[in-house]
Amino acid sequence: MKSVDVERFAAGDPDAVRQLYHMYGRAVFTVAYSSLRDRGLAEEAVQLTFLHAWRAADRFDVTRDLKPWLYAIARRAAVDVYRRERRHGGRVPLDSNTDIAILPEAFESTWQAWEIRIALDQMPSAQREVIEATHFLGLSQEETAQRLGVALGTVKSRSHRAHRRLATLLSHLQEATA
Amino acid sequence: MNCDDARSAFLSGAASQPELDHLGSCSDCRNEWDALETSRQVLEDQSFWVEPSPTLEDRVVAMIGETPQPVAPPRPRRWLWTLGGGAAAALGAIAVWAGLPSTAPDWEVAIPGTSEAPDASGVVRGWNEWNGTRVVLDIEGLPPAPDGSLYEFWFSRDELHISAGTFAAPDSVELWVGVSKADFPRLWITLEPVDEDESPSGNNMMDSG
């Protein structure tokens, strides 16, 4: 996958903004939605994430990895939206006893969701379809084969490759956080 | 047995007994057990699969396109640095005076107190600069910010809020913001606890509406 042209993004080039969104937009949304559990608020957090990233892009060191930088901005944007909604008695669906300074547990496990979402988005669509059918739709491999109109053996091999790729990613995550 | 095969089988939810036995006996796999378990939970969480609206990409692009370019903070007046030290010292008082807005403002807005500060009233005057806006607030009837808190002045458009800065003692306050009133027409002042939260609190003290 092509790398993002941060300089063009910093200049507000719409094509560069779209390129960054295509690479990370769904992952940013996943972080926001996993935390906020509300589509409208999550989409607002996505907009704020890209706006903040654009404002800070001219200070970004292009020799560094973009992912953790953007993840930190995304998480912060979700936290900001969450705290604002809590202050204003908004629609974040949480225990009313939760203190505004204490973030719910959902905010703590977003890094893996972010990494898995990016890994899925970078997979061939045929493999991603199998993962979605298994985990999202809860289909068996036989049902997945019927749904996709392919042989059972094809589903098994795609599933194996896709999950192997995720397993490899996880070992990298483990090394990175060890 | 290959570790990746056993892990991928576990993630897929179709691990056989030999694969589960491997995950339980292999030290490398045991070290990754928590990550595997969390990842399977992530994949099985229905919220993980929720998709953003198809229009979100266009909204992101439009928002950035409509927002003024980020600007660097204002630099010291370059001409002062070119003067000799003695001359600069002699002109020091003039420079301080010259640093304040002295021409007529480009706009002026009344900013009344809200129900949180019914006795407060004020006027905001603004000077449009090439890289933002210089504002002067003249406020009456607003007490000094309590210990552990500060007043914060905001430029807003819908749900997008840009801070122009903080102050403790309201009187005549001069601030700078890198956006224009034309783009962010709502001006308001909140009382903020001194913390790491950069978003506006719900303590709205004065508001131009």
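In case you missed it, the structure is sitting above this.
What you see is a predicted model; the values in this text were computed from it and never measured.

Participant: Help me understand the interface of chain B and chain A in this model?
Facilitator: Interface extent is often summarised as the accessible area lost during association of the parts. If you look at the interface, chain B gives 49 residues, while chain A gives 51 residues. Carbon and sulfur atoms make up 59% of the area that chain B and chain A hide from each other, which totals about 4,900 Å². Viewed at the interface, chain A and chain B are joined by five salt bridges. For A:Arg26, the salt bridge identified is with B:Glu51, shortest N-O distance 3.1 Å. Elements with a contribution of two residues or more to the side of chain B that touches chain A: helix H1 (3-12), helix H4 (33-44), helix H5 (56-66) and strand E5 (160-167) of chain B. Of all the elements, H5(B) adds the most residues to the side of chain B that touches chain A, at eight residues. When its residues are assigned to classes, the side of chain B that touches chain A shows 20 nonpolar, 14 polar and 15 charged.

Participant: What am I meant to see in unusual backbone geometry here?
Facilitator: Across the chain, the bulk of peptide bonds are trans and the bulk of non-glycine residues have phi less than zero. All names here are of chain A. Notably, Arg-37 is not glycine yet its phi reads approximately 60°, a positive angle. When you line up the elements, Arg-37 lands in the loop between helix H2 (14-36) and helix H3 (39-56). When its relative accessible area of 39% is taken as the criterion, Arg-37 is described as partly exposed.

Participant: Whenever I open this one, the sheet that holds strand E2 (residues 121-129) of chain B confuses me. Can you help?
Facilitator: Whenever strands of a sheet pair, they do so through backbone hydrogen bonds, lying parallel or antiparallel. All names here are of chain B. Strand order in this open sheet of four strands is E1-E2-E3-E6, and the pairing throughout is antiparallel. The open sheet is flanked by strand E1 (107-110) and strand E6 (172-177), the only strands paired with a single partner. Sheet twist, expressed as the average angle between the axes of neighbouring strands with direction ignored, equals 20°. Pairing geometry for E2 and strand E3 (residues 132-140), over nine bridges, is antiparallel. In the strand pairing of E3, Trp-127 is matched with Arg-134.

Participant: Explain the nonpolar core to me, please; I cannot follow it from the model alone.
Facilitator: Soluble, globular proteins show a tendency: their nonpolar side chains are buried together. Membership of the largest hydrophobic core comes to 72 residues, with the highest contact counts inside it found for B:Leu137, B:Phe153 and B:Phe155. Counting residues per element, this core draws most heavily on H2(A), which supplies 13 residues. Contacts of B:Leu137, omitting those with residues within four sequence positions, involve B:Val123, B:Val124, B:Phe153, B:Phe167, B:Asp171, B:Ser172, B:Val173, B:Leu175 and B:Ile189. One finds A:Ala119, B:Phe10, B:Leu23 and B:Leu43 within the second-largest nonpolar core, a separate group that totals 22 residues.

Participant: Could you clarify how one ought to interpret the environment of A:Met123 in this entry?
Facilitator: Residues and elements named next belong to chain A. By secondary structure assignment, the location of Met-123 is in the loop between helix H5 (110-122) and helix H6 (125-136). Residue class for Met-123 comes out buried when judged on its relative accessible area of 4%. C-alpha of Met-123 to C-alpha of Ala-162: the two residues are 39 residues apart in sequence and 7.6 Å apart in space. When sequence neighbours within four positions are dropped, the list of residues in contact with Met-123 reads Arg-128, Ala-162, Arg-165 and Leu-166.

Reading guide: rules and limits
Residues numbered from 1 in each chain as written. Chains lettered and ligands numbered in written order. Predicted model: local features only at pLDDT ≥ 70, side-chain atom pairs only at ≥ 80, totals over all residues. Heavy atoms only, no water. Contact = heavy atoms within 4.5 Å. Buried area = accessible area lost by both parts, 1.4 Å probe. Salt bridge = Lys/Arg side-chain N within 4 Å of Asp/Glu carboxyl O. Helix = DSSP H or I, 4+ residues; strand = E, 2+ residues; numbered from the N terminus. Nonpolar A, V, L, I, M, F, W, Y, C, P; charged D, E, K, R; others polar. Buried < 20%, exposed > 50% of the residue type's maximum accessible area, 1.4 Å probe, protein only. Pairing = 2+ DSSP bridges. Axes fitted to C-alpha atoms, helices over the stretch in contact; angles between N-to-C directions. Core = buried A, V, L, I, M, F, W, Y, C linked by side-chain atoms within 4.5 Å.

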